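Fold and contact review
Residues per chain, in single letters:
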Amino acid sequence: MLTIKRVPTVLSNYQEDAAGCGRNCLGNCCLPVSKLPLYAFRSEVRSPTTTAPHGELPADFFLNTLILGQWEGRMSRGLFRYDVTASETKVIPGKHGFAAQLNEGRHLKKRPTEFRVDRVLQPFDANKFNFTKVGQEEVLFRFEAGEDKACFFESASVDGSIPPNVVAINVSPIEYGHVLLIPRVLECLPQRIDPESFSLALHMAAEAGSPYFRVGYNSLGAFATINHLHFQAYYFGMPFPVEKAPTQTISIVKSITNNCVKVSRLLEYPVRALVYEGGISLKELADVVTKACICLQENNIPFNVLISDCGRKIFLFPQCYAEKQALGEVSQELLDTQVNPAVWEISGHMVLKRRKDYDEATEDYAWRLLAEVSLSEERFQEVKSYIFEATLMAEAEAPAADTNPKEEIAAQSITAMSPAPFPDGCLVLQ
Amino acid sequence: MVSLFWLPTVAVVEVSWSRSRSDLLLPAMMGSCEARLQESLTSSYSEWIVEALEDLPGDLNFLITDPYIAGHPIVFASRGFLSMSGFSREEVVGRNGRMFQGPDTDRRSVMEIREAIREERGMKISLLNYRKDGTPHWILFQLCPVFVKGDGRLVHFVSVQVPIPRRRSCFARPALRERVVFGACRNEVRSDLEFRSCLPFDSYEDSDNRGLEGEERREAGDREKQKAMEGTNEILLKLIHYSKLTGRVVCGKRCSPVPGIAPLCSSLCTSLGRIKQSFVLTDPHLPDMPIVYASDAFLSLTGYCRDEVLGRNCRFLRGPCTDVGTSQQIKDSIRAENACTVRILNYRKDGTLFWNLLHISPVRNSSGKIAFFVGVQTDEGFENDKHALSPAIWQLGAVGAVKVAVRSLSSGVGPSSRSSS
């Protein structure tokens, strides 16, 4: 059994006291007889890429106001462990623009705990902390499929007919608006992707309708702290480095699958990843990525998922950092910074706990850390072939731009990546 | 053109007014909105600018946008642009450039443009845009910011768009002869004898291009790049020339920032402009904490125009009947750097009273320091339809959106990054 020791992130104020109920919790004792705000999203969402040919937003995109307003309300009630807006953030100088945050409060006063990292799927353990133990004051609203128009009810009964999905605050936020999406909380699902839950997460990204609101997922073995199904999301007002990295489309033999999802490979980034976008509907995109995630779970490959660009683009990162860490293959220097490379770190947003590391953070450090997260090229190709098989896709031809450079494709993706710098000369007109 | 001035936004929901009120106010608001679009150009480049821009060559496709107006709207569209896109001027002016995006527009290119706008810098990129009839077409999109020479403040963005014709190969260069032949057979460009316009830039009319254009990524060649650069220069020359008439000369390159009160940078204004609630930002680092930003809804609520409120302390909303204790309470929480919610009697410009449910909160920048205080006003007397969101959530939603916008600022690499220390 492989384990690592790490300081667990405190996601809820109820995480540390093991006490039973006696208050308004999210368990079976309280939730079914409670009233919570309810946001019902449009269930028949066309893919964001195919809506509105002229790019206008539907007038009912108000999820942002709800999340931000509720979050701010919880902040004024003092439910967070610290004021995240008081922490320093900077862009690390360099080509990629990694972001660093100094957050000295996030891991304060916690003892390292042992985490098993060699099993991506582990059964739900009711004795450990899970989100049914969270107090209802940490819940912002329920998030359920509705009719053809999004709507909101200030107070709706949680009756037995629909298993409630809840959006709760993360009391140790990485950035403003950091929330947890907990699908069907009462069903006590372990951290494991299923079609319905993934589609829910994608809906949340699409519904929020802001390119700076991203939804992320960490599997067990890829730095999920709690084995109770949850997604995370927060606002960060600039692009993540991973979103700026170029991609290369993988040609798919169309006859095998009739879906329109485009699969690409991430280029010029330290973590090898697949990128999914397009599809005729949100469901089509969700289905393909869900199959890919299930494939990784079943093959016991830890992974992280980033849902970006309002649900239009999904990054899938198989990773092996925790395994390397458990086997003692990660350098002490990297371990000393105590950065756990979960989805946000992999996307390029580093949360550092020590002033020294923050002040001295360089692009080289970020790159070296993330390079340790990535699968090797050989292993990545192998994992990719599992995923392609599981998603019923077949590559049109041998890919590997590295070994068999296809001049045109390579040239195109490079130009796509770096627009020529604006020639200064043409602007000096005085 | 695409644009994505989509900073963390709040809901795209109309300002809340009861029906009776909106009936009264909407035409006035719309009128003032149109006036603002017009003034955007004339206040910077004199009233002759529109005519001067119309005089530019008919095949020069460009837009001018104003990042300081809510929604970062287009304030000018050239004849060439309108004929290329198939839209009429009325359909374009006042809208955001993202209206030309479509399903196959590359999202990464969109992001790059968004970032250039946020960082107030020039850029160029090949982009798939859509015409009014829904057909896609490849253009070289060249963005150029326009700054006031004196204080380095951004005023507008110019975006020149050059159609990219289909080529057999990205790398093959057509022989000169071929070019001339192609150019000469195009009637609509023949009238202009300049070398540039003899080139087949306007090949969007070619029937064999329709429907096919979206399929393969096209990269701009040297000719498109040259045309875009020359076009940008021509437009800039006009803007510079006419800006001299207003006394505030513009240029295409940011001059060194001037010490003193820096105006809010355009990217912050763009993201704040998306927030529909009534609010103001005040700067606690300036004497008497003046208002440095006022939302459109605040102006509608209070009846003042922007110039009348910027630079002033919020106390002008008070009047003889305003409770002194409440004012003191506000002062105390600001001093303690705390948020507070009060119910305060305020006065509009016309002297009428309203009960203002006011929420005030400190707003920190990326260094974690307080950069502003935000004050969000809710007129207690008016019913509203905010998708059933309570006034409190609606109000706090604006606070959250302001915090996200301000926090994403100075950690950005933008040259105009604002930090208050």
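Just so you know, these numbers come straight off a predicted model, no measurement behind them.

Attention now moves to the pattern of salt bridges. All told, the structure shown has 41 salt bridges over all chains when counted by the stated rule. Salt-bridge contacts for A:D309 lead to B:R107; the nearest nitrogen and oxygen are separated by 2.7 Å. Taken together, the positions of A:D309 in the loop between β15 (303-308) and β16 (313-318) and B:R107 in helix α5 (residues 107-118) put the pair across two chains. Summarising the burial analysis for this pair, A:D309 and B:R107 share the class buried. For the salt bridge of A:R354 with A:D357, the shortest nitrogen-to-oxygen distance reads 2.7 Å. Given a relative accessible area of 33%, A:R354 falls into the partly exposed group.

For sheets, the rule is that strands pair by backbone hydrogen bonds, running either parallel or antiparallel. Residues and elements named next belong to chain A. Strand order across the open sheet formed by twelve strands is β7-β2-β6-β8-β9-β11-β10-β15-β16-β14-β13-β12, with mixed pairing between neighbours. Pairing within the sheet leaves two strands with one partner each, and these edge strands are β7 (151-157) and β12 (247-249). Neighbour-to-neighbour, the strand axes of this sheet turn through a mean angle of 30°, independent of strand direction. The pairing of β12 with strand β13 (residues 261-266) spans three bridges and is antiparallel.

Next up on the list: α5(B). Residue and element names in this part refer to chain B. With twelve residues, α5 should cover 16 Å at 1.5 Å per step; its first-to-last C-alpha distance of 16 Å lies within 8% of that length. Across the twelve residues that make up α5, a large majority, twelve, are buried. Inspection of α5 places R107, R108, S109, V110, M111, E112, I113, R114, E115, A116, I117 and R118 among the buried residues, and these make up the whole buried set. Immediately beyond the C-terminal end of α5, within one or two residues, lies E120, with a positive phi of roughly 55°.

Soluble globular proteins tend to bury their nonpolar side chains together. Residues A:Y39, A:F143, A:Y276 and B:L272 are the most contacted members of the largest nonpolar core, which totals 119 residues. Mapping this core onto the domain boundaries places at least three of its residues in each of domain 1 (19-251) and domain 2 (275-407) of chain B. Setting aside its immediate chain neighbours within four residues, A:Y276 contacts A:V261, A:K262, A:V263, A:L285, A:V288, A:V289, A:A292, A:R312, A:K313, A:I314, A:L316 and A:I387. Ranked by size, the runner-up nonpolar core spans 44 residues in total, among them A:Y234, A:V351, A:Y365 and A:A366.

All names here are of chain B. Chain-level statistics for chain B give a pLDDT mean of 78 and a share of 75% at 70 or above. Counted against residues more than four places away or in other chains, residues 1-30, with its pLDDT under 50, gives 102 contacts. Confidence drops under a pLDDT of 50 for residues 411-421, and excluding neighbours within four residues, the segment shows 34 contacts in the predicted structure.

Thresholds, definitions, all that
The residue numbering used here restarts from 1 in each chain and proceeds along that chain's sequence as written. Key to labels: chains lettered from A, ligands numbered from 1, both in the order written. Totals for whole chains, interfaces and linings use every residue, but because this is a predicted model, local features are given only for residues with pLDDT of at least 70 and side-chain atom pairs only at 80 or more, for both listing and counting. Just so you know, side-chain values use all the structure's heavy atoms and leave hydrogens and water out. Think of a salt bridge as a Lys or Arg side-chain nitrogen and an Asp or Glu carboxyl oxygen that are within 4 Å of each other. Numbering of helices and strands runs from the N terminus; a helix is a DSSP stretch of H or I covering at least four residues, while a strand is a stretch of E covering at least two. Exposure classes here rest on a 1.4 Å probe applied to the protein chains alone. A residue is buried below 20% of its type maximum, exposed above 50%, and partly exposed in between. If DSSP finds at least two bridges between two strands, the strands pair. Helix axes are fitted to C-alpha atoms over the stretch in contact, other axes to C-alpha atoms as well, and angles between N-to-C directions run from 0 to 180 degrees. In a helix, the anticipated span is given by 1.5 Å times the number of residues less one. Among buried residues, those of type Ala, Val, Leu, Ile, Met, Phe, Trp, Tyr and Cys that are joined through side-chain atoms within 4.5 Å constitute a nonpolar core. Reported domain spans reflect what an automatic or database domain assignment gives. Residue contacts follow a heavy-atom distance rule, with two residues in contact if any of their heavy atoms lie within 4.5 Å. Confidence of the predictor in every single residue is expressed as pLDDT, which spans 0 to 100.

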